[in-house]
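# Structural description and commentary
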Amino acid sequence: EKKEKKKKGKKKGKKGDGGGGDEEEGFKLAPSTFIPGIDEASTNYDEIWKTRDETDNFQQKYDAELIKELKRGEVESEIRVQVDDLMRQELKNLKAALQKDAGKKGGKGSAKKKGKKKDKKGGKKGKKEKDLTPDRTIESLYEELVKEGILVQYPKVKISDFMGEYSYLGTTLRQANIEPMPSLADVRRVTTEYGILPMGSQTVHETSPFIKSLLIAGPHGTGKRMLVNAICSELGANLMDLTAENICGKYPGKAGLTMLLHLVMKVGKLLQPTVVYIGNAEKTFIKKVPKNDMSDPKRLKKELPKIIKKMTAEDRIMFIGTSLTPWDGDVKGMCQVYQKIVLIPRPDYASRYLLFKEVILRMGGRLSATLDLSSLAKISDGYTPGHIVSAVKHVLTERRVQQLARKPLTAAEFVTPLARVDPIYKEEEEQFKAFYDKTTLGKKRQDLLKSEAEG
């Protein structure tokens with residue numbers, strides 16, 4: 001009978017009818033650092049404002065008692081600091097008087113040696129970076145970076161302009177043990193979470209997971225640089241371009257490179273938020289530099305890890321690299337510099353349909369029964385958003401837009417410009433997958449999938 005009762009109890013626990021069975025262990029979110037702040041604000045509201053009658057306070061005048069209570073704490077803390085300083089001074093004077101009366105035992109030499117040792121230790125701990133430009137104003141440093149082409153302008157782009165649909169087949173593919181590529185909507189969401197939300201607020205940046213660097217990799221025309229511009233536009237950030245081609249011939253030599261990085265970090269910290277952009281990021285860690293490449297792509301290889309290691313949560317600076325062929329670089333070196341890696345895939349059917357529809361409307365086109373967007377999205381498999389935008393631009397000239405009332409658009413008009421460019425084949429997409437699997441994040445992902453499959 002006892003065995004039967006135990007079996008029943010286990011069944012109930014599995015069904016979730018309130019039994020005491022073991023629950024299945026799954027992914028659990030880490031506790032949020034923002035909850036205590038929200039609880040404190042809620043408590044503050046309940047204690048002060050919830051029961052307060054404001055019907056007679058139409059002009060929203062200040063409450064003197066609330067201000068006094070708030071300032072009383074500030075004054076108390078300020079006075080306490082002053083009192084503590086006075087007490088320390090009194091204690092110091094008493095110790096000095098006692099030493100004078102008692103006399104010094106053990107010799108002066110040992111005391112001096114101890115003092116020297118302490119100074120040396122203190123010097124190592126409190127060592128600060130040397131300011132190479134102490135006498136120059138921030139305006140002059142900013143002007144120099146602009147003149148040298150390091151601090152650059154960028155087109156204003158919204159993150160919502162990076163169009164793409166969700167992948168509704170992702171769950172189905174995972175059930176068939178096939179790991180799907182992320183959709184364009186996933187890329188937009190992850191870019192917002194990694195690049196925009198933490199950098200937009202100092203408080204959020206200090207309390208959320210500290211992300212110093214981001215690598216955006218994908219085929220030509222997928223919108224890598226557009227995402228960088230969108231991050232800068234949403235933040236109102238400064239954009240520093242440290243691409244190898246851009247810094248070639250500028251600030252030559254080891255001393256010149258040190259000065260360049262000093263200017264970038266000093267101006268970046270004083271005028272936060274700042275995005276440091278590195279195009280063709282794989283070239284910094286390329287295994288063998290081509291003979292015809294005169295840009296010295298490995299110039300930043302040793303310095304980048306040191307700079308990123310020194311960054312603190314107070315620095316709202318992010319290094320963002322873009323890569324067309326990330327597998328050309330040393331994976332270990334890239335993983336040391338870039339904390340997060342975002343792969344941009346080829347757009348799926350849903351994203352291509354959305355892209356054709358939105359781009360045609362934005363460029364003055366009209367949707368009609370003669371324009372079969374479904375077939376157009378189907379035959380354009382493998383083409384990137386850049387290919388689609390250039391094809392629509394090619395078709396919708398000023399003259400063609402004027403003719404739309406008499407001659408509606410057809411899907412066949414977009415086939416010719418698309419046929420002139422090579423699509424992104426599956427083999428290239430597989431190369432991006434293989435690269436990601438070699439990275440630290442990719443290996444963690446594989447281990448997680450294996451443990452889930454075994455469990």
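Keep in mind it's a predicted model, so treat the numbers as computed, not measured. (Residues numbered from 1 in each chain as written. Predicted model: local features only at pLDDT ≥ 70, side-chain atom pairs only at ≥ 80, totals over all residues. Heavy atoms only, no water.)

## Structural notes on the side chain of serine 208
Within the element layout of this structure, serine 208 appears in the loop between α8 (202-207) and β2 (213-217). Overall, serine 208 belongs to the buried group, its relative accessible area being 14%. Only 2.6 Å separates the side chain of serine 208 from the backbone oxygen of valine 204, close enough to count as a polar contact. In contact with serine 208, not counting residues within four places along its chain, are Phe34 and Pro198. (Helix = DSSP H or I, 4+ residues; strand = E, 2+ residues; numbered from the N terminus. Buried < 20%, exposed > 50% of the residue type's maximum accessible area, 1.4 Å probe, protein only. Polar contact = N/O pair within 3.5 Å; in protein donor to acceptor, adjacent residues only side chain to side chain. Contact = heavy atoms within 4.5 Å.)

## Here's the deal with helix α7 (residues 184-200)
Look at α7: 23 Å from first C-alpha to last across 17 residues, which is about the 24 Å you get at 1.5 Å a residue. The axis of α7 is deflected most strongly, by about 40°, at threonine 192. Looking at α7, one finds that the buried residues are Leu184, Ala185, Val187, Arg188, Val190, Thr191, Gly195, Ile196, Pro198 and Met199. (Expected span 1.5 Å × (residues − 1). Bend = angle between axes of the 7 residues up to and from the residue.)

## Some details on the packing of helix α16 (residues 385-395) against helix α18 (residues 412-419)
The axes of two packed helices give the description: the angle between them and the distance between them. Relative orientation of the contacting elements α16 and α18 amounts to 120°, with a least axis distance of 9 Å. As far as their axial angle goes, α18 and α16 are oblique. Relative to α18, the crossing made by α16 is right-handed. Counting all contacts with α16, which are made through His387, Ala391, Val392, His394 and Val395, the residues of α18 involved are Glu413, Phe414, Pro417 and Leu418. By residue class, the composition of the contact of α16 with α18 is six nonpolar, two polar and one charged. (Axes fitted to C-alpha atoms, helices over the stretch in contact; angles between N-to-C directions. Parallel < 35°, antiparallel > 145°, perpendicular 65-115°, else oblique. Left-handed = near helix turned anticlockwise from the far one by under 90°. Nonpolar A, V, L, I, M, F, W, Y, C, P; charged D, E, K, R; others polar.)

## As for unusual backbone geometry
The step from glutamine 272 to proline 273 runs through a cis peptide bond, and the omega angle for that step is -5°. Here the phi dihedral of tyrosine 251 falls at roughly 50°; this positive angle occurs in a residue that is not glycine. Positive phi is not limited to glycine here, since asparagine 280 has a value of about 50°. Summarising the element assignment, asparagine 280 is placed in the loop between β4 (274-278) and α12 (303-310).

## A word on the nonpolar core
Grouped together as the largest cluster of nonpolar side chains are 36 residues, with contacts concentrated most on Leu242, Leu260 and Phe319. Tallying contributions element by element places helix α11 (residues 253-270) first for this core, with seven residues. With near-sequence residues (within four places) excluded, leucine 260 lies in contact with Ile150, Leu242, Ile247 and Tyr251. Counting 26 residues, the second-largest nonpolar core is a separate cluster that includes Tyr154, Cys232, Leu239 and Met318. (Core = buried A, V, L, I, M, F, W, Y, C linked by side-chain atoms within 4.5 Å.)

## Focus: helix α9 (residues 224-235)
Each α-helix winds once per 3.6 residues, and so residues spaced three or four apart point in a common direction. A rise of 1.5 Å per residue sets the reference length of α9, with its twelve residues, at 16 Å; its end C-alpha atoms lie 17 Å apart and thus fit the reference within 8%. Those residues of α9 that fall on the buried side of the exposure criterion are Lys224, Leu227, Val228, Asn229, Ala230, Ile231, Cys232 and Leu235. Glycine 236 lies just past α9 and shows a positive phi near 65°.

## Considerations on the environment of threonine 133
Topologically, threonine 133 is positioned in the loop between α4 (108-125) and α5 (138-147). Judged by relative accessible area, which is 4%, threonine 133 ranks as buried. Sequence separation of threonine 133 and methionine 259 is 126 residues, and the distance between their C-alpha atoms is 8.9 Å. With sequence-adjacent residues up to four places away left out, threonine 133 is seen in contact with Leu141, Met259, His262, Leu263 and Lys266. In this structure the side chain of threonine 133 is engaged in a polar contact, spanning 3.0 Å, whose partner is the side chain of histidine 262.

## What to know about the sheet that holds β4
Strand pairing within a sheet occurs via backbone hydrogen bonds; the two strands may be parallel or antiparallel. The strand order across the open sheet built from six strands is β1-β3-β4-β5-β2-β6, with neighbouring strands paired in mixed fashion. The open sheet terminates on both sides in strands that have one partner only, identified here as β1 (151-152) and β6 (340-343). As judged from the five bridges shared by β4 and strand β5 (residues 317-323), these two strands associate in the parallel manner. Its bridge partner being in β5, isoleucine 278 is matched across the sheet by glycine 321. Packing against the sheet, helix α19 (residues 426-438) makes contact with β2 and β6, and its axis sits at approximately 165° to β6. (Pairing = 2+ DSSP bridges.)

## Overview of the side chain of arginine 299
Tracing the backbone shows arginine 299 in the loop between β4 and α12. Nearest to the buried, unbridged arginine 299 among oppositely charged side chains is aspartate 296, at 4.8 Å. Not counting the four nearest positions on each side in its chain, arginine 299 is found in contact with Ile247, Lys250, Tyr251, Pro252, Gly253 and Leu257. (Lys, Arg positive; Asp, Glu negative; His and termini not counted. Salt bridge = Lys/Arg side-chain N within 4 Å of Asp/Glu carboxyl O.)

## Some thoughts on the packing of α7 against α9
Interhelical geometry of α7 versus α9 gives an angle of 35° and a closest axis separation of 10 Å. As for the relative orientation of α7 and α9, their crossing is right-handed in sense. Of the residues in α9, those in contact with Val187, Thr191, Gly195, Ile196, Met199 and Gly200 of α7 are Leu227, Ile231, Glu234 and Leu235. A class-by-class count of the residues in the contact of α7 with α9 yields six nonpolar, three polar and one charged.

## Remarks on the environment of serine 295
Inspection of the secondary structure assignment puts serine 295 in the loop between β4 and α12. Discounting chain neighbours no more than four positions away, the residues touching serine 295 are Ala244, Glu245 and Cys248.

## Here we look at the packing of aromatic side chains
Under the defined criterion, the tally for this structure stands at three aromatic pairs. Pairing tryptophan 327 with phenylalanine 432 gives two aromatic rings, centres 4.9 Å apart and planes at 80°, and the pair type is edge-to-face. With tryptophan 327 in the loop between β5 and α13 (331-337) and phenylalanine 432 in helix α19, this pair connects stretches of sequence that are 105 residues apart. Residue phenylalanine 432 is classed as buried on the basis of its relative accessible area of 3%. Between phenylalanine 356 and phenylalanine 414, the ring centres sit 6.2 Å apart and the planes meet at 70°, which makes this aromatic pair edge-to-face. Taken as a pair, phenylalanine 356 in helix α14 (residues 349-362) and phenylalanine 414 in helix α18 lie far apart in primary sequence, 58 residues in all. (Phe/Tyr/Trp six-rings, centres within 6.5 Å; stacked < 30°, edge-to-face > 60°.)

Take it as geometry only, folks, not as evidence of what the structure does.
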